[in-house]
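Residue-level structure breakdown
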Amino acid sequence: MFETIKQLVEKQSIKSKIFLNTFIQPSLFLSFNTLISIPEKLKKETFDYFNEIALAQAELVSKVSYSIVNANLNTLKQYMKLFGSFINERDIFSSIDAPERFSSIVETAVATIFKREGDDFVRIATSLKTYDGKLAAGTYLGENHPARKELLKGKPYFGRVIMFNKDYMALYEPIKEKGTVKGALLVAINIAEQLKQLKDFLKSVTIGEKGYVYAVDLLKGEVVVHPEDEGKKINHIKKIRDLSFFDRMVRMKKGTINYKWHDKPNKYSLPKEKIAVFETIKHLNWMVSISYYREDIEKKAKKRAMKLQNSLIFSGLTNIFLMFVSTMQTVNQVRKTIKDITEQIKKLREGKIDLSRTIQSKSQDEIGELSYEVNNLLKELKQLQLFRERLKEIPTFSEALDFLCKFITEHFCIENCDLYDFSSGTKPSRHCIKTDSQKDKECPALNMKRIISSKTSPCPLFTDRNLSFICIPLNLNHNKGYIVQLTTQKRLEKFERIVQYLEEAQPLLQTKLQLEMLKEQSLKDELTGLNNRRFLNSTIGFILEQTKRHNKSLGILMCDIDHFKSVNDNYGHRAGDEVLKQIAGTIKGVLRKSDLIIRFGGEEFLVLLTDQEKHSTMSVAEKIREAVENRLFDIGEKGIHITISIGVALYPEHSYSFDEVVKMADEALYKAKQSGRNRVVLCERTTPNEHDSIGKSEKGKSQKSANLK
């Protein structure tokens, strides 16, 4: 019978358990201490639990705030590497157009090159704009700027700065020459929108009936989040209220303090005791505090205690003892479960998810349901954490996209995962690439820069109404980019969970794609579309190793357009640019796919012919010369004839040094020019000289160090 009653009780709600325990079990003993100790203990536990919630919320606020700082630091480090690729390493201060070129690619960021003048730094090149919209070139960093002291010490500086009344998260790196600071580089991101989102988040956090979050911008000396004083200067508030506690918080930077606060700042109001859990967010220069009234907690504790005490008295003196025993069993079960949940929350707050220890509860009431939901939540968070970490580790965009598609199709029963190209640039090399026939129309996902689906938004480019879809935009610039599209014949299940994973993956995929495309663009000549010297420097080591491994020769052709200056003088530079593009196409049309053509200089082109001997190299050079001579170059209203001169050398026949072979080809080109132009001249040296014999003894070594000047 008692076992049946026990099973019946376990299936009831907590409220029902207390009710049943009160009336079913016989009472044998009356204890006045029971009526006192339980409410007092409950009051203390309520107070402790309230404080634990406040600490947890303060930790959450801190993590959210620091996530903005850390995300911007990682982004700025990548942007600083990208900015460096636009700068002339030999003469940094001559790279006047580098900041604007950088900002044309990364529209959300600005860049600056500083030159040191005494103990200050002047902006000699920048994409930063002043109050009137003009470039800030010629302006100074200023003696009060937080980065100046660090840069003078030769150290980098990262943090929030205010430039021309706008908020930026900035990274400064010193330019050193022989240990002396000569200048500095800056990349910065406008974080006005991020600060607004942080404000909105802080305003949404509440604790108790009157507790709230407030934040002070220490950089501006201004209250940025507060129910009453938002937008006011700290110095102005100090004239009205006692803010000595605030000065203590600024000195402590992080901790918990008790202080007195007037609800209404007038002489008739009495101060109330408050508790503040606060932290100064490094680099962001905000002090954020969770603040709540002590009486708020005490009222809740007292109310709960009185309610329980009245219930005990009402139940009757004859039933009080066993009701206490049974109630304590329920309380202990609740306390144990809450303690386990609290420990898991603490671990989660520290960034740890321990799935080896689950919340144990045999009951089928609200506590059992809570335990079940907490266990499932931890499993889902762990899976999301592993997904995010795995995606970060994958080096390339293509591999990351394959991983995302495989994960989504396996876990959420999505049949198809495709990448659609809406960019006029180079398509990513992936087998599932498709080009939409309606690509001239604007893509809603790219236009709105957010994830859309058939469940939330219709799409004019998606014509198959029998399919459900989700589109993830990877924006590059000016409504151009790529769309990762998930489609299924079934109804979209677990839609919010899918979107949660996609929102985690979207910034990582976009960063990987943008970096790969920026790297590819940096290796191309913008005018002709040919590879440039940077590409040659990165690949020549591999080409030379292959040539030596297969015991072959490499033909080197140095090509120069005859009388090109007269084309620019007579027809204009636009016509000259058109001639360069058509010359590039003509040379490319003669070559094999295995050959390589480089835009070497103004009107110079370097051609590398793989696996060629002397006679075949000369034959290809002659074909190029004839193809150019016989072509009519279209420059607008009429066509013109142009000729080309070519110098030829072979590696390693003429030298074991690639730089030397290029120099010989250039000397042969000079002789072709001197002997009347429109001809092909072979290098006169027949064997490597004595100086090159050093290279011959090291023939097996890598020539990746070859760096064309």
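Please refer to the structure placed before this passage.
Residues numbered from 1 in each chain as written. Predicted model: local features only at pLDDT ≥ 70, side-chain atom pairs only at ≥ 80, totals over all residues. Heavy atoms only, no water.

Checked against the element boundaries, isoleucine 451 lands in the loop between helix H13 (444–448) and strand E14 (452–453). A C-alpha to C-alpha distance of 6.4 Å links isoleucine 451 and proline 473, two positions 22 residues apart in sequence. (Helix = DSSP H or I, 4+ residues; strand = E, 2+ residues; numbered from the N terminus.)

What follows deals with unusual backbone geometry. Note: most residues except glycine have negative phi, and most peptide bonds are trans. Along the chain, tyrosine 651 connects to proline 652 via a cis peptide bond; the corresponding omega equals 5°. On the secondary structure map, proline 652 appears in the loop between strand E22 (644–651) and helix H19 (658–674). Although it is not a glycine, lysine 178 sits at a positive phi angle of roughly 55°. Structurally, the position occupied by lysine 178 is in the loop between strand E4 (166–177) and strand E5 (180–190). Judged by relative accessible area, which is 85%, lysine 178 ranks as exposed. (Buried < 20%, exposed > 50% of the residue type's maximum accessible area, 1.4 Å probe, protein only.)

Moving on, we come to the environment of leucine 284. Of note, leucine 284 is situated in the loop between strand E10 (272–281) and strand E11 (286–293). Between the C-alpha atoms of leucine 284 and valine 161, which are 123 residues apart in sequence, the distance is 8.7 Å.

Turning next to the packing of aromatic side chains. This model, assessed by the stated rule, comprises twelve aromatic pairs. For the pair phenylalanine 114 and tyrosine 172, a centre-to-centre distance of 6.1 Å together with 35° between the ring planes defines the contact as tilted. Of the two residues, phenylalanine 114 sits in strand E1 (residues 109–117) while tyrosine 172 sits in strand E4, which places them 58 residues apart along the sequence. Side by side, phenylalanine 114 and tyrosine 172 carry an identical accessibility label, which is buried. Ring-pair connections join several aromatic residues into one group, and the members of that group are Phe387, Phe403, Phe407 and Tyr501. Over the aromatic face of phenylalanine 600 sits the side chain of arginine 533, whose NZ or CZ is 3.9 Å from the ring centroid. (Phe/Tyr/Trp six-rings, centres within 6.5 Å; stacked < 30°, edge-to-face > 60°. Lys NZ or Arg CZ within 6 Å of the ring centre and 35° of its normal.)

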